[in-house]
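Below are the chains, spelled out letter by letter.
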Amino acid sequence: LPALFKQELQNTEAEEGGTAALRCELTKPKAPVEWRKGDTTLYPGLKYEMKQQDSTAELVIHDVELDDS
């Protein structure tokens, strides 16, 4: 069975230049997660940090800009 969200992502507000974190909880621990913005897949680097522990996945966006919304 595929992994599903236990609850939908919530909107997050952040100030430009700050940091924002998006978290989701999945029905399967350690399920592979692919973060996307529209059709674009996000990859770890200076801008994006991806973390995953058990069934919780987190995307941290550094130096938030208006284009990140």
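See the structure above.
Residues numbered from 1 in each chain as written. Predicted model: local features only at pLDDT ≥ 70, side-chain atom pairs only at ≥ 80, totals over all residues. Heavy atoms only, no water.

Colleague: What exactly am I supposed to notice about the overall build of the chain here?
Modeller: The number of helices and strands found in the chain is zero helices and five strands. When its helices and strands are written in sequence order, the chain yields β-β-β-β-β. C-alpha extents for the chain along the principal axes are approximately 40 × 25 × 20 Å. In the chain, buried positions account for 23% of the 69 residues. Of all intrachain contacts in the chain linking residues separated by at least 6 positions in sequence, the fraction that spans at least 24 positions is 47%. Between the averaged position of the 8 positive side-chain charges in the chain and that of its 14 negative side-chain charges there is a distance of 9 Å. (Helix = DSSP H or I, 4+ residues; strand = E, 2+ residues; numbered from the N terminus. Buried < 20%, exposed > 50% of the residue type's maximum accessible area, 1.4 Å probe, protein only. Contact = heavy atoms within 4.5 Å. Lys, Arg positive; Asp, Glu negative; His and termini not counted. Charge placed at Lys NZ, Arg CZ, Asp CG, Glu CD.)

Colleague: I keep staring at the pattern of salt bridges and nothing clicks. Help me out?
Modeller: Side-chain pairing between opposite charges can occur once the charged atoms of the two side chains come close. If you walk through the whole model with that rule in mind, you get seven salt bridges. A salt bridge links Glu 34 to Arg 36; its shortest N-O distance comes to 2.7 Å. The class for Glu 34 is exposed, based on a relative accessible area of 51%. The class for Arg 36 is partly exposed, based on a relative accessible area of 45%. Look at the salt bridges and you will find they share partners, linking Arg 23, Glu 49, Lys 51 and Glu 58 into a network. (Salt bridge = Lys/Arg side-chain N within 4 Å of Asp/Glu carboxyl O.)

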